[in-house]
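Below are the chains, spelled out letter by letter.
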Protein chains: 2
Amino acid sequence: MAEAVRHDKTARQLRLLSDALDSGRLGPVRRLVNTLSPAEIGNLLESLPPGKREVVWGLVDPEDDGEVLVHVGEEVRESLLADMDPDEIVAAVEDLDIDDLADLVEDLPDTVIDEVLKSMDRENRERLEQVLSYDEDTAGRLMNPDVVTVRADTTVDVVLRYLRLRGELPEHTDHLYVVSRRHQYLGRIALQALLTHEANTPINQLVDGEQPAIDVSESSEEVARQFSDHDWISAPVVDDNNILLGRITIDDVVDIIREQAEHQALSAAGLDEDEDLFSPVRRAFRRRLIWLSVNLCTAFLAASVVGRFEGTIQKIVALAVLMPIVAGMGGNAGTQVFALMVRGLALGQIGRSNVPTLVWKEVRVALINGVTLGLLLGTIVWLWYRDIKLSAVIATALTINLCSAALAGVFVPVTLKRLGFDPALAGGVILTTVTDVMGFLSFLGLATLILLG
Amino acid sequence: MAEAVRHDKTARQLRLLSDALDSGRLGPVRRLVNTLSPAEIGNLLESLPPGKREVVWGLVDPEDDGEVLVHVGEEVRESLLADMDPDEIVAAVEDLDIDDLADLVEDLPDTVIDEVLKSMDRENRERLEQVLSYDEDTAGRLMNPDVVTVRADTTVDVVLRYLRLRGELPEHTDHLYVVSRRHQYLGRIALQALLTHEANTPINQLVDGEQPAIDVSESSEEVARQFSDHDWISAPVVDDNNILLGRITIDDVVDIIREQAEHQALSAAGLDEDEDLFSPVRRAFRRRLIWLSVNLCTAFLAASVVGRFEGTIQKIVALAVLMPIVAGMGGNAGTQVFALMVRGLALGQIGRSNVPTLVWKEVRVALINGVTLGLLLGTIVWLWYRDIKLSAVIATALTINLCSAALAGVFVPVTLKRLGFDPALAGGVILTTVTDVMGFLSFLGLATLILLG
């Protein structure tokens, strides 16, 4: 039920905007759009079909252009950039934070990148080059090099005077970092602590040395896990020599967590989280074709199993009617185990030590379910066809297939992960192939043995 | 590939712990466990089978017990609470923050709740009762009533003196709230601003009146959306009269976003995000049985369609071999559209205004895919059975079913949402029922007309 009211605000904005666009009154559209945050504008643009999307994009305050580009998926970003002059793009992105700019830079035309680099001062250019030197999906790419550092051998009073001189702090600064003469990370001081302690308190009394630093090469997934497990707002990033390089803030981590969730949901259907809801038909067609072709191959595999029993089906047509039930129920039961396993693997909860226990639990659940549903299914089939042998065959086949489904549900994701593949991506296809093949094989095989035997 | 290295740290801890448990040396286990954060301990407990789980739970520092209980799923929480005396539970939870305690309270035995309430001072008891008076999954339940407020008619200096007197601020305080005499919310002041401005600066010059307050009855999903769209770290919560009630901090929002993602992934398989990986067989059986029974009914619906064509299948057995391909491919194609729609609905990107455009796009993609894959499938079938009419029938049926899948992929989730249901939960079942029924109907129907006609 919660789903129903969720994001009703966004949907309302979309409707208002759409009505205004349809009526051709661009003034109200412009006013409406520019009350929104860049992320909200990005979301709205993603929800607009081509044509309307370009119109609204042209109405966005140029000051927000850069931030909006950061907040949309890759495909939509391409479509927005295609609408801009090089000069506009340079103006849009040159004021972005270094980490956001690093995010965008690969989607920009080369000439624009050169212009942007030229427009930056040397310090920022070096920072950008540094951030870009780290792999995508690592802490190095997430961090912002703009940090406020202090030395430990001073007092609250001195730091306060320094801060007043310095003026505004980088966004989401909740701690200052304490570094050595060689810029090695030593610990951090909460802004809170500076506010709640007397002016003459020595800084080294306030240093929190417990906050661990994140290694610059750490994966962004691991960064996200640490932030959410420790309730951090920000964390320092260091290199192998413990030299402070920058800091990561929770707002970027929230984006990662959202992207991970989208990735998992969409990759199970062979899609990418960057897919545009309104991507051009030709592009959507090509992407989906690959996925459907893979599925066509596995469907033939299952069909070839049925093909081996053509003789049996010819004699008992009821088998053709009932066989999709056995195969489909296996797929459903397997998907349940599979979903639990994918979550467990993503949380790091599954390892060599507990897989045997899990298999044993899932096989027992499958056996009890198989017997219960088998009795139910057998009874219905008996009422339909009045053939007790057929009932026994389908009940047994269902139980066998539910057990196969349980085994596949555990072992397919675990094996994929061990081989270095994303279990969520290919796992579903393999799983249903197993349950289709085993469903047809057990049902038609048993039927051949018992009913024609 | 990222998935492969993800959370390797947790998996390593699990292995170490498991080895230590197996060897029976509890000292190292205790030391290992107590280097972890409560969230990490919770994650480890969830990954341990019953038996080992109780042993490790007994080794957790009692000081962390409460926080660990907050961080585990409902089912695991029950199993941990079952291991504790009422006194232990009271000791564990009485020092929790009000919002965390409110989270737990419904899972506690009544006698324990009474004890906990008795152990609290009046102010905290009233706060807890206030938080509990709001609906689950609303801002009221997420907020912490512990906020620091100041008045606007004062100076930085006075506020600094007040803060030094007050001592430690509530966790994750990044702003102080400015309220009127009647405790109405007027705006906020960043801790940063207090640090970077001169002592004699009037507070009203520093007030940020732009930060909107969250309504106490707002849904937690909407709260999460606002936090992530605006990069907030904290936000004030007010009632209908704009009276300041508390504040919500980003760490709780991160938990919501994670839970939403898990909910979506698991509910598609008819499971609950609170499901324990090692839940007792009997409980797992009962839960899954309900889901599988629903699926059995829909499978019979599809089978009954096949049943109407028994005569046709008897004459051409190849139809029985090939029909699962047509049905299955429809399911796969429909699932792709469905996944995109569920994401779009969750982000509020889909409304009455753009559904027609989406349908038109998806139908065109389905047509092109249908023709392409139909030609491919028709060719393979011709090579297999050397029957050009059969090839034509399966190619046409596939195209019809891909178009039905596109329509169902768009309209099933949109309709469920409009009716107030969670599209991710029941949508998949309805979708595959449509694609199975349409797949069998189009293929066997066309075969009857053309091959037997």
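Residues numbered from 1 in each chain as written. Chains lettered and ligands numbered in written order. Predicted model: local features only at pLDDT ≥ 70, side-chain atom pairs only at ≥ 80, totals over all residues. Heavy atoms only, no water.

**Student:** Before we move on, can you summarise the pairing of strand β6 (residues 244-249) of chain B with the specific residues and values?
**Tutor:** All names here are of chain B. Extensive coverage of β6 is indicated by the burial of six of its six residues. Relative to β6, strand β5 (residues 234-238) is paired through five bridges, and the arrangement is antiparallel. Counterpart to Ser234 in the pairing with β6 is Thr249. The turn linking β5 back onto β6 is made up of five residues, and Asn242 within it adopts a positive phi angle of 65°. (Buried < 20%, exposed > 50% of the residue type's maximum accessible area, 1.4 Å probe, protein only. Helix = DSSP H or I, 4+ residues; strand = E, 2+ residues; numbered from the N terminus. Pairing = 2+ DSSP bridges.)

**Student:** Please provide a residue-by-residue account of the nonpolar core, values included.
**Tutor:** Nonpolar side chains in soluble globular proteins tend to be buried together. Ile325, Phe443 and Leu444 of chain A together with Ile325, Phe443 and Leu444 of chain B are the most contacted members of the largest nonpolar core, which has 97 residues in total. Ignoring sequence-local partners within four residues, the contact set of Ile325 of chain A consists of Leu377 of chain A together with Leu296, Ala299, Phe300 and Ala303 of chain B. (Core = buried A, V, L, I, M, F, W, Y, C linked by side-chain atoms within 4.5 Å. Contact = heavy atoms within 4.5 Å.)

**Student:** Can you explain the relation of the copies chain B and chain A? Please cite residues and give values.
**Tutor:** The transformation that overlays chain B on chain A combines an axial shift of 0.0 Å with a rotation of 180°, and the residual RMSD is 0.1 Å. Considering both components of the superposition, the chain copies are consistent with a two-fold axis. The overlap is high: 100% of the interface residues of chain B also sit at the interface in chain A, so the same surface is used on both sides. (Least-squares fit on C-alpha atoms with pLDDT ≥ 70 in both.)

**Student:** Account for unusual backbone geometry, with residues named and values stated.
**Tutor:** Trans is the common state for peptide bonds, and a negative phi is the common state for residues other than glycine. Residues and elements named next belong to chain A. Positioned with a positive phi, Asp137 is a non-glycine residue whose angle comes to about 60°. Within the secondary structure, Asp137 sits in the loop between α11 (122-132) and α12 (139-142). Residue Arg386 is not a glycine yet carries a positive backbone phi of 50°. Looking at the element boundaries, Arg386 is found in the loop between α20 (355-385) and α21 (388-418).

**Student:** Explain the sheet that holds strand β3 (residues 185-190) of chain B residue by residue, including any values.
**Tutor:** Residues and elements named next belong to chain B. On the basis of which strands lie adjacent, the open sheet formed by three strands has the order β1-β2-β3 and mixed pairing. Taken across any chain shown, the strands that pair with only one partner, and hence form the sheet edges, are β1 (149-150) and β3. Where β1 meets strand β2 (residues 175-179), two bridges bridge the pair, whose relative direction is parallel. Looking across to β2, one finds that Thr149 is bridged to Tyr177.

**Student:** Please set out the sheet that holds strand β2 (residues 175-179) of chain A residue by residue, giving values where relevant.
**Tutor:** Strand order in the open sheet formed by three strands is β1-β2-β3 (chain A), and the pairing between neighbours is mixed. The sheet is open, and its two borders are formed by β1 (149-150) and β3 (185-190) of chain A, each paired with just one other strand.

**Student:** Lay out a negative patch on the surface with the relevant residues and their values.
**Tutor:** Together, Glu74, Asp103, Asp135, Glu136, Asp137, Glu259 and Asp272 of chain A make up a region of like negative charge exposed at the surface. For Glu74 of chain A, a relative accessible area of 37% corresponds to the partly exposed category. (Patch = residues over 30% accessible without salt bridge, like charges linked within 9 Å, V, L, I, M, F, W, Y side chains within 5 Å. Areas by Shrake-Rupley, 256 points an atom, 1.4 Å probe, with all protein chains shown as cover. Salt bridge = Lys/Arg side-chain N within 4 Å of Asp/Glu carboxyl O. Lys, Arg positive; Asp, Glu negative; His and termini not counted. Charge placed at Lys NZ, Arg CZ, Asp CG, Glu CD.)

**Student:** Outline the side chain of Glu46 of chain A, supporting the account with residue identities and numerical values.
**Tutor:** Within the secondary structure, Glu46 of chain A is located in helix α4 (residues 38-46). The side chain of Glu46 of chain A is buried and forms no salt bridge, while Arg343 of chain B, the nearest opposite charge, is found at 6.2 Å. Reaching out from Glu46 of chain A, the side chain makes a polar contact with the side chain of Gln349 of chain B at a distance of 2.8 Å. In contact with Glu46 of chain A, not counting residues within four places along its chain, are Arg53, Val72, Gly73, Val76, Asp276, Leu277 and Phe278 of chain A together with Gln349 of chain B. (Polar contact = N/O pair within 3.5 Å; in protein donor to acceptor, adjacent residues only side chain to side chain.)

**Student:** Can you lay out a positive patch on the surface for me, pointing to particular residues and giving the numbers?
**Tutor:** Taken together, the side chains of Arg12 and Arg15 of chain A together with Arg352 and Arg418 of chain B present a region of like positive charge at the surface. The exposure class of Arg15 of chain A is partly exposed, given its relative accessible area of 45%.

**Student:** Please set out the packing of helix α16 (residues 250-267) of chain A against helix α19 (residues 318-346) of chain B residue by residue, giving values where relevant.
**Tutor:** As a packed pair, α16 of chain A and α19 of chain B sit with axes 9 Å apart at the nearest point and diverge in direction by 155°. In terms of orientation, α16 of chain A lies roughly antiparallel with respect to α19 of chain B. Between α16 of chain A and α19 of chain B, the contacting residues are Glu262, Ala265 and Leu266 of chain A on the first element and Ala339, Leu340 and Arg343 of chain B on the second. Split into classes, the residues belonging to the contact of α16 of chain A with α19 of chain B amount to four nonpolar, no polar and two charged. (Axes fitted to C-alpha atoms, helices over the stretch in contact; angles between N-to-C directions. Parallel < 35°, antiparallel > 145°, perpendicular 65-115°, else oblique. Nonpolar A, V, L, I, M, F, W, Y, C, P; charged D, E, K, R; others polar.)

**Student:** Just give me the short version of the pattern of salt bridges, but keep the residues and values in it.
**Tutor:** Following the criterion strictly, the structure yields 40 salt bridges over all chains and no others. Note that Glu115 of chain B is salt-bridged to Lys118 of chain B, the shortest N-O span being 3.7 Å. One end of the pair is Glu115 of chain B and the other is Lys118 of chain B, both in helix α10 (residues 110-119) and three residues apart, which spans about a single turn. You can call Glu115 of chain B partly exposed: its relative accessible area is 39%. A salt bridge links Lys361 of chain B to Glu362 of chain B; the shortest N-O distance between them is 3.3 Å. We note that Lys361 of chain B, like Glu362 of chain B, is buried. Several salt bridges converge on common partners, so that one network encompasses Glu75, Glu78, Glu275, Arg283, Arg287 and Arg288 of chain A together with Lys361 and Glu362 of chain B.

**Student:** Pulling in residues and values, what's your account of the interface of chain B and chain A?
**Tutor:** With 128 residues of chain B at the interface, the matching set in chain A holds 129 residues. Contact between chain B and chain A buries roughly 12,900 Å² in total, counting both sides, with carbon and sulfur atoms accounting for 64%. Area buried by chain B at its contact with chain A is led by Leu195, Leu277 and Gln336 of chain B, which between them contribute 6% of it. One can count six salt bridges joining chain B with chain A. Between Glu362 of chain A and Arg288 of chain B there is a salt bridge; the shortest N-O distance is 2.8 Å. Linking chain B with chain A are 39 residue pairs in polar contact (both at pLDDT 80 or more). Across the side of chain B that touches chain A, the residue classes break down as 65 nonpolar, 36 polar and 27 charged. (Buried area = accessible area lost by both parts, 1.4 Å probe.)

**Student:** Give me the lowdown on the UniProt feature "transmembrane region" (unreviewed entry) in chain A, citing residues and values where you can.
**Tutor:** Feature annotation in UniProt assigns "transmembrane region" (unreviewed entry) to the following positions: residues 289-309, 316-346, 366-385, 392-412 and 424-452 of chain A. With 90% helix and 0% strand, the stretch residues 289-309 of chain A has end C-alpha atoms that lie 30 Å from each other. (UniProt positions renumbered as here; feature names shortened; annotations may be inferred.)

**Student:** Give a description of the UniProt feature "domain: CBS" (unreviewed entry) in chain A that names residues and reports values.
**Tutor:** All names here are of chain A. UniProt's feature table lists "domain: CBS" (unreviewed entry) at residues 143-206 and 207-266, given in the numbering used throughout. When the span residues 143-206 is considered, its composition is 27% helix and 20% strand, and the gap between its end C-alpha atoms is 25 Å. The distance from the first to the last C-alpha atom of residues 207-266 is 44 Å, and the span holds 47% helix and 22% strand.

**Student:** Account for the packing of aromatic side chains, naming residues and giving values.
**Tutor:** Summed over the entire model, instances satisfying the criterion amount to eight aromatic pairs over all chains. When the ring of Phe227 of chain B is compared with that of Trp232 of chain B, the centres are 5.5 Å apart and the planes differ by 80°; the resulting orientation is edge-to-face. The class for Trp232 of chain B is buried, based on a relative accessible area of 8%. By way of ring pairs, the aromatic residues Phe300 of chain A together with Trp384 and Tyr385 of chain B are connected into one cluster. Arg386 of chain A extends its terminal NZ or CZ atom over the ring of Trp382 of chain A, reaching a point 4.6 Å from the ring centre. (Phe/Tyr/Trp six-rings, centres within 6.5 Å; stacked < 30°, edge-to-face > 60°. Lys NZ or Arg CZ within 6 Å of the ring centre and 35° of its normal.)

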